[in-house]
Amino acid sequence: MNAELGPNLTSDPLGWALPPWTREEAQAIYDQPFNDLLFRAQTIHRENFDPNRVQLSRLLSIKTGGCPEDCGYCSQSAHHETGLKASKLMEVQRVIAEARKARDAGATRYCMGAAWRSPKERDMEAVVAMVEGVKALGMETCMTLGMLDLEQAARLKQAGLDYYNHNIDTSERYYGEVISTRSFADRLDTLENVRQSGIKVCCGGIVGMGEEPVDRIDMLVTLANLPEPPDSVPINMLIPIAGTPLADASPIEPIEFVRTIALARIMMPKSYIRLSAGRTAMSDEMQALCFFAGANSVFVGDTLLTAGNPGQDEDALLFRRLGIERMELEAE
Ligand code: SAM
Ligand code: DTB
Ligand code: SF4
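In this report, the structure presented in the accompanying data block is examined.

Calculation notes
Residues numbered from 1 in each chain as written. Chains lettered and ligands numbered in written order. Predicted model: local features only at pLDDT ≥ 70, side-chain atom pairs only at ≥ 80, totals over all residues. Heavy atoms only, no water. Salt bridge = Lys/Arg side-chain N within 4 Å of Asp/Glu carboxyl O. Helix = DSSP H or I, 4+ residues; strand = E, 2+ residues; numbered from the N terminus. Buried < 20%, exposed > 50% of the residue type's maximum accessible area, 1.4 Å probe, protein only. 1 Å grid on protein atoms, 1.4 Å probe; cavity = no way out; pocket = protein on both sides within 12 Å on 5 of 7 lines; lining within 4 Å. Points joined across faces, edges and corners; volume = space filled by probe spheres on them. Nonpolar A, V, L, I, M, F, W, Y, C, P; charged D, E, K, R; others polar. Near = heavy atom within 4 Å. Sits in = over half its atoms within 2 Å of the grid points. Axes fitted to C-alpha atoms, helices over the stretch in contact; angles between N-to-C directions. Parallel < 35°, antiparallel > 145°, perpendicular 65-115°, else oblique. Left-handed = near helix turned anticlockwise from the far one by under 90°. Contact = heavy atoms within 4.5 Å. Core = buried A, V, L, I, M, F, W, Y, C linked by side-chain atoms within 4.5 Å. Polar contact = N/O pair within 3.5 Å; in protein donor to acceptor, adjacent residues only side chain to side chain. Areas by Shrake-Rupley, 256 points an atom, 1.4 Å probe, with all protein chains shown as cover. Phe/Tyr/Trp six-rings, centres within 6.5 Å; stacked < 30°, edge-to-face > 60°. Lys NZ or Arg CZ within 6 Å of the ring centre and 35° of its normal.

## So, the pattern of salt bridges
Tallied over the full model, the rule gives 17 salt bridges. Its salt-bridge partner being Glu69, residue Arg182 comes within 3.5 Å of it at the nearest N-O pair. Of this pair, Arg182 sits in the loop between helix H6 (172-178) and helix H7 (184-197) while Glu69 sits in the loop between strand S1 (53-63) and helix H3 (92-104), placing them 113 residues apart in sequence. A residue is classified by how much of its surface remains accessible, and Glu69, at 2% relative accessible area, is buried. With a closest N to O distance of 3.2 Å, Glu192 and Arg195 form a salt bridge.

Structure follows, in C-alpha cells:
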C-alpha cells in the first residue's frame, strides 16, 4: 500500500493506486512535490506506452458557428458576439479531400466537429458518408456532434466510427458556471450511449476557465471512475475568445497545467492523454514537460476548429528537438 495516499487506497502489485479514485487520493497525488509527481507519471507512462511516440490527430470543423448551446468558452455559440461567420454542413467530398491531405501530412486520426446541440435526422446521411469516406482512406475516424441517443450512436458505429468526442469540460460543481443550456448529467448520458454502442470514448475538458484546482481534480476523478476510463482524454487549455464570457479568464499557471496532465496519466494509465487546444500559447519547454508528464497525443495542423494551432513546421521542429516520433496506426 502506498502510505502517503491514505489507508483506503487499493493498489496494483507495483504499489500504484487503482480506481475507483476518491478526490482525496487524487488531490494527494496532484499536490506531491513536482519531481515526485513527474517521476511517477513518467514511470507509469513507460509501463504502458513508448515514451518517445506521440499520436497525431487532425481536426476539421464540418459545420461552423450558430450553435444553440451557450458554452462560455466557445467561439461558435450563437449566444456570444464573437464575429464568427456561421456555415452550413460541409460537402462530403470536401471533407474526404481534407482528410486525405491530413493523412498525407502524417495524421492517423481525423476528427470532425459540428457546432450542434445534437445531430438532426436530416444530417445523419451526410455524416455517415463522411465516416465511411474517411475510414476508407485508412485513417481512424472521430466525430464530435453534440448529444447522441443510442440509435444515432449505433448508426455511427455501423458506419465505422472509431471514436466519439464528448467532453465533460470541468467538474460537476463548476459546470453550471460555464454552460447553462445542458447539464453535466446530459453529458454523462451521451457518454454512456457512445460506450454502449461500442464506439471508443474520447472525453476530457478545459482548464484555465477560472476554476479551482479541486475542479480539475474532480473532473479527472469523474473521467477515471467512468465504467471504463475514456480511451482518449483531451486536456484543452482555454483559448480565450473575444466576445465570450470567458474572454478575460485568468490563465492557468503552467506548472499547474503540467500537474493536471501528470494526474491524468497516473489515474488513466492506458488512455491517450491529448495535449489539446492552447498549444500556441505554450512554450516548447512547457510542451516538453507535458510530454514528460505523460501526454502522448496532439492535434496537428495550423487550425483546430476555429482557432489556431502551431502548424506542421513548428511541430516538426519541436518533435525533432525532443526526439519524438509520430505513432503509427496499430495493424488491425
Ligand atoms: N459541439 C460539440 C460539443 O460541444 O460537444 C463539439 C465541438 S466542441 C467545440 C468540442 C470541445 O472543444 C469542447 O467540449 C471544449 O472542450 C473544446 N473547446 C471549445 N472551445 C474551446 C476554447 N476556446 N478553448 C479550449 N477548448 C475549447
Ligand atoms: C477537444 O477536446 N478539443 C478539440 C476537439 N475536442 C473537438 C476542439 C478544440 C477547439 C478549440 C477552439 C476552436 O478551435 O474553436
Ligand atoms: Fe456548441 Fe460545442 Fe461550442 Fe458548446 S462547445 S457552443 S456545444 S460548438
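Next, the rest of the story.
## Considerations on empty space enclosed by the protein
One simple way to see leftover space: roll a probe sized like a water molecule over the atoms. In the structure shown here, the tally under the stated rule is one cavity of 30 Å³ or more. Around the largest cavity sit 44 residues that line it, and Tyr73, Cys74, Gln76, Asn167 and Leu305 are the ones nearest its centre. Grouping the amino acids of the lining of the largest cavity by side-chain chemistry returns 24 nonpolar, 13 polar and seven charged.

## Quick word on the site of ligand 3
Near ligand 3 you find Cys67, Glu69, Cys71, Tyr73, Cys74, Ser77, Ala115 and Arg182, and these make up its full shell. For ligand 3, the cavity whose grid points lie within 2 Å of the majority of its atoms is the largest cavity. Among the residues forming the shell around ligand 3, the class breakdown is five nonpolar, one polar and two charged.

## Observations concerning the packing of H3 against helix H4 (residues 121-135)
A pair of packed helices is captured by two measures, namely the crossing angle of their axes and the spacing between those axes. Across the interface, H3 lies against H4 with an axial gap of 9 Å and an inter-helix angle of 30 degrees. As far as their axial angle goes, H4 and H3 are roughly parallel. As H3 runs across H4, the sense of the crossing is right-handed. Residue-level inspection shows Val92, Val95, Ile96 and Ala99 of H3 in contact with H4, the latter providing Ala126, Ala129, Met130, Gly133 and Val134. Classifying every residue of the contact of H3 with H4 gives eight nonpolar, one polar and no charged.

## Some thoughts on the nonpolar core
Membership of the largest hydrophobic core comes to 90 residues, with the highest contact counts inside it found for Met143, Leu156 and Phe257. Per-element accounting of this core gives the leading share, eight residues, to helix H9 (residues 254-267). The residues contacting Leu156, other than those within four sequence positions of it, are Met124, Val127, Val131, Met143, Leu145, Leu148, Leu161, Tyr164 and Ile199. Cys111, Cys142, Ala277 and Leu304 belong to the second-largest nonpolar core, a separate cluster that totals eight residues.

## Notes on the site of ligand 1
As a matter of local geometry, ligand 1 sits amid 17 residues, with Thr144, Asn167, Asp169, Arg187 and Ile239 nearest to it. Contact between ligand 1 and Asp169: an oxygen atom at 2.7 Å from a side-chain N or O atom of the residue. Starting from 550 Å² of accessible surface for ligand 1 in isolation, the protein chains cover 90%. Most atoms of ligand 1, that is more than half of them, are within 2 Å of grid points of the largest cavity. Among the residues making up the shell around ligand 1, the classes are represented as 10 nonpolar, five polar and two charged.

## A few points about the packing of aromatic side chains
This model, assessed by the stated rule, comprises three aromatic pairs. Here Tyr175 and Phe184 contribute two aromatic rings whose centre-to-centre distance is 5.6 Å and whose plane-to-plane angle is 75 degrees, an arrangement assigned as edge-to-face. On the basis of relative accessibility, which here comes to 6%, the residue Phe184 falls in the buried class. Geometrically, the ring pair formed by Phe291 and Phe319 is edge-to-face, given 6.0 Å between the ring centres and 75 degrees between the ring planes. Taken together, the residues Phe291 in helix H10 (residues 284-292) and Phe319 in helix H11 (residues 312-322) connect sequence positions 28 residues apart. Over the ring of Tyr163 we find Arg109; its NZ or CZ atom is 3.8 Å from the centre of that ring.

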